Amino acid sequence: MTGLAQAADLAAKPDDIIAGRQAGYDVVSGMFAAMKATVESGGSVKPLAEGAKGIAAWGAAIPGMFPVGTETGHNTKAKAEIWSDRATFEKDAANLHDAAVKLAALADADDKAGFAEQWKATGGTCGACHRAFRAR
């Protein structure tokens, strides 16, 4: 197999990239649901630190999950503004990252009240990005 053929084999298809980002968002949604249940029950938030760190990592990865060529297909709800207003999109993803880093620190400290407030703020960063960049 030539180097060019190998590179072609390694290149992801747009539908695969879209499916990957949709799966990532599903995982984050599940983490947020588990966090909500813990916040509502008043349980220890310390076990949620790794999930918060995962959300932070996802925030950092989001821009790379939207390369040119993945604007359509695989039932994507991505709006064209992701590509036409890339700076704002990347800023919103960075806001999720930064909010989740704070969330993880509060979880590590088992600060239930602080975690509950930061959980709302972190969710707000998701909502802001969805309003601007996700079709309903």
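Attention in this report is confined to the structure presented alongside it. Please read these numbers as outputs of a predicted model, since none were measured by experiment. (Residues numbered from 1 in each chain as written. Predicted model: local features only at pLDDT ≥ 70, side-chain atom pairs only at ≥ 80, totals over all residues. Heavy atoms only, no water.)

**Quick notes on the packing of helix α2 (residues 14-41) against helix α3 (residues 49-61)**
Move 1: The interhelical angle for the contact between α2 and α3, taken along N-to-C directions, is 150°, at an axis separation of 10 Å. Taken as a pair, α2 and α3 cross one another with a handedness that is left-handed. Contact residues: Gly-20, Arg-21, Gly-24, Tyr-25, Val-28, Met-31, Phe-32 and Met-35 in α2; Gly-51, Ala-52, Ile-55 and Trp-58 in α3.
Move 2: Looking at side-chain class alone, the contact of α2 with α3 contains eight nonpolar, three polar and one charged residues. (Axes fitted to C-alpha atoms, helices over the stretch in contact; angles between N-to-C directions. Helix = DSSP H or I, 4+ residues; strand = E, 2+ residues; numbered from the N terminus. Left-handed = near helix turned anticlockwise from the far one by under 90°. Contact = heavy atoms within 4.5 Å. Nonpolar A, V, L, I, M, F, W, Y, C, P; charged D, E, K, R; others polar.)

**Quick notes on the side chain of Thr-125**
Move 1: Along the chain, Thr-125 falls in helix α6 (residues 112-133).
Move 2: A relative accessible area of 15% places Thr-125 in the buried class.
Move 3: Within the structure, the side chain of Thr-125 is placed 2.6 Å from the backbone oxygen of Thr-122, a separation counted as a polar contact.
Move 4: With residues up to four places along the chain from it excluded, the contact list for Thr-125 reads Asn-95, Leu-96 and Ala-99. (Buried < 20%, exposed > 50% of the residue type's maximum accessible area, 1.4 Å probe, protein only. Polar contact = N/O pair within 3.5 Å; in protein donor to acceptor, adjacent residues only side chain to side chain.)

**Things to note about the pattern of salt bridges**
Move 1: According to the stated counting rule, one finds six salt bridges in the structure shown.
Move 2: Salt-bridge contacts for Lys-53 lead to Glu-50; the nearest nitrogen and oxygen are separated by 3.3 Å. Of this pair, Lys-53 and Glu-50 both sit in helix α3, separated by three residues, roughly a single helical turn.
Move 3: Measuring nitrogen to oxygen at the nearest pair gives 3.6 Å for the salt bridge that ties Asp-108 to Lys-53. Of this pair, Asp-108 sits in helix α5 (residues 86-108) while Lys-53 sits in helix α3, and the two are 55 residues apart along the sequence. (Salt bridge = Lys/Arg side-chain N within 4 Å of Asp/Glu carboxyl O.)

By themselves these figures say nothing about function.
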